[in-house]
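Topology and contacts: notes
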Amino acid sequence: MEENWSAMQEKAVQWIQEAGELLRASLEESLVIETKSNPNDLVTEMDFKIERLLTKKINKEYPGHRILGEEEAGADITDTDNIIWIIDPIDGTTNFVHQQFNFAISLAVFENGIGKVGIVYDVMADEWFTALEGKGAYHNNVKLSKLKPAELKEAIVGINARWIKNEKIPYARQMRNIVDESRSTRAYGSAAIELCYVACGRLDSYVNLWLAPWDFAGAEVLLREVGADISTIDNKRPSMLEKGPYLAGRPGLQEKVRGMLNS
Ligand code: IPD
Ligand code: CA
Ligand code: CA
Ligand code: CA
């Protein structure tokens, strides 16, 4: 059956709009905050609420589709067959809790491991990043241009200071060299937003060694449409099922970034 990806995207945008309103309203109330893997890994009642809201809508509209979410949905998924919706209900939970800014809802629809629909909604900036496979990527409904190559010495690299601070962290020395050779660095605390910034040219490259599929899935559909170079450190396709390194940026520039990580 030929799927209507554009109709799926339209519905998902409406659901995310509703979810975004709930998130903005929740900032007026006091939030229940818990920790997950460590004291700095936060989760709030809103992460669960938003994932459940989106899961309910998808199940009702598309009962045959599977769902993979950060908090609850699809923990048993071990393959990428057929259609999978990938949800990060709040990407940038630390920002949601501490800053009430710079967090996003990310949603993607993948078919047999290929991104078909991508949506990242920066809730407080009210910025929409959307893409359909083969139809281009959009920022607030304005089509994004293809990415042009860049030199590292003129590039702004998205990288977090915590990842380069000491030798116990894998690739810390190599990442420090990348930081040294770049024009400058930025860290916004939401991988989905940072990857969309690569897609729209606000960042030239983004380096993260521990990304999960829900962190990058929505943005990846945009990145492919603008011709970004997406890879692991050894220039493989990042896994849709496991956490791992995720590098994305301008063509040409990424060869240099990978080369330095492997040096
Ligand atoms: C996190 C953010 C953060 C990235 C982490 C992610 P979360 O997602 O995207 O920027 O560095 O690797 O886990 O937990 O806020 O959804
Ligand atoms: Ca999280
Ligand atoms: Ca995330
Ligand atoms: Ca999250």
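Residues numbered from 1 in each chain as written. Chains lettered and ligands numbered in written order. Predicted model: local features only at pLDDT ≥ 70, side-chain atom pairs only at ≥ 80, totals over all residues. Heavy atoms only, no water.

Re the packing of helix α5 (residues 191-200) against helix α6 (residues 213-225)
In contact at an axis separation of 8 Å, α5 and α6 are set at 10° when each is read in the N-to-C sense. In terms of orientation, α5 lies roughly parallel with respect to α6. Residue-level contacts link Ala191, Ala192, Leu195, Cys196, Val198 and Ala199 of α5 to Asp215, Phe216, Ala219, Leu222 and Leu223 of α6. Looking at the contact of α5 with α6 residue by residue, the class counts come to 10 nonpolar, no polar and one charged. (Axes fitted to C-alpha atoms, helices over the stretch in contact; angles between N-to-C directions. Helix = DSSP H or I, 4+ residues; strand = E, 2+ residues; numbered from the N terminus. Parallel < 35°, antiparallel > 145°, perpendicular 65-115°, else oblique. Contact = heavy atoms within 4.5 Å. Nonpolar A, V, L, I, M, F, W, Y, C, P; charged D, E, K, R; others polar.)

Some points on the coordination of the calcium ion (ligand 3)
Between any two of four tetrahedral donors, the ideal angle at the metal is 109.5 degrees; between two of six octahedral donors, it is 90 or 180 degrees. Listed as protein donors to the calcium ion (ligand 3) are Asp88 (OD), Asp91 (OD) and Asp215 (OD); their distances from the metal cover 2.1 to 2.2 Å. Sequence positions of the residues that donate to the calcium ion (ligand 3) give the spacing D-x2-D-x123-D. Here the calcium ion (ligand 3) and the calcium ion (ligand 2) are spaced 5.2 Å apart. Pair noted here: Asp88 is in strand β4 (residues 83-91) and Asp215 is in helix α6, with a separation of 127 residues, a long-range link. For the pair formed by Asp88 and Asp215, the shared burial category is buried. (Donors = N, O, S within 2.8 Å, 3.2 Å for Na, K, Ca; no water. Buried < 20%, exposed > 50% of the residue type's maximum accessible area, 1.4 Å probe, protein only.)

Things to note about the coordination of the calcium ion (ligand 4)
The protein atoms that coordinate the calcium ion (ligand 4) are Glu70 (OE), Asp88 (OD) and Ile90 (O), at distances spanning 2.2 to 2.3 Å. Donor residues for the calcium ion (ligand 4), ordered by position in the chain, follow E-x17-D-x1-I.

Details of the site of ligand 1
Near ligand 1 lie 13 residues; those nearest to it are Ile90, Asp91, Gly92, Thr93 and Ala191. Between ligand 1 and Glu70, the relevant distance is 3.2 Å, taken from an oxygen atom to a side-chain nitrogen or oxygen of the residue. At 2.7 Å from an oxygen atom of ligand 1 is found a main-chain nitrogen or oxygen belonging to Gly92. In isolation ligand 1 has 380 Å² of accessible area, and contact with the protein removes 79% of it. Those elements that provide at least two residues to the shell around ligand 1 are β4 and β12 (205-211). The element contributing the most residues to the shell around ligand 1 is β4, with three residues. Each of domain 1 (5-143) and domain 2 (152-261) accounts for three or more of the residues forming the shell around ligand 1. (Near = heavy atom within 4 Å. Polar contact = N/O pair within 3.5 Å; in protein donor to acceptor, adjacent residues only side chain to side chain. Areas by Shrake-Rupley, 256 points an atom, 1.4 Å probe, with all protein chains shown as cover. Domains from an automatic or database assignment.)

Side note on the sheet that holds strand β9 (residues 142-143)
Within a sheet, adjacent strands bond to each other through the backbone by hydrogen bonds, running parallel or antiparallel. The strand order β3-β4-β5-β6-β7-β8-β9 describes an open sheet built from seven strands, whose pairing is mixed. At either end of the open sheet lies a strand with only one pairing partner, and these are β3 (66-69) and β9. Examined bridge by bridge, strand β7 (residues 127-132) and strand β8 (residues 137-139) share three bridges and lie antiparallel to one another. Directly across from Ala131, in β8, lies its bridge partner Ala137. Strands in contact with helix α1 (residues 5-26) are β4, β5 (104-111), β6 (114-122) and β7; relative to β6, the strand with the most contacts, it is inclined by about 25°. Against the sheet, helix α2 (residues 45-61) engages β3, β4 and β5, with an angle of about 155° to β4. (Pairing = 2+ DSSP bridges.)

Details of the environment of Leu222
For Leu222, the position within the fold is in helix α6. Take Leu222: its relative accessible area is 0%, and that puts it in the buried class. Apart from the residues within four sequence positions on either side, Leu222 is in contact with Gly118, Phe129, Thr130, Ala131, Ala137, Tyr138, Leu144, Cys196 and Ala199.

Regarding the UniProt feature "binding site: Mg(2+) 1" (unreviewed entry) in the protein
When the UniProt feature table is mapped onto this chain numbering, "binding site: Mg(2+) 1" (unreviewed entry) sits at Glu70, Asp88, Asp91 and Asp215. In sequence the annotated residues extend across 146 residues, while in space they remain close, none of their C-alpha pairs exceeding 9.5 Å. Classification of Asp88 by relative accessible area gives buried; the value is 0%. When neighbours within four sequence positions are excluded, Asp88 is seen to be in contact with Glu70, Ala104, Ile105, Ser106, Trp214 and Asp215. By secondary structure assignment, the location of Asp91 is in strand β4. Overall, Asp91 belongs to the buried group, its relative accessible area being 5%. Polar side-chain contacts of Asp91 include one of 3.0 Å to the backbone nitrogen of Ala191. (UniProt positions renumbered as here; feature names shortened; annotations may be inferred.)

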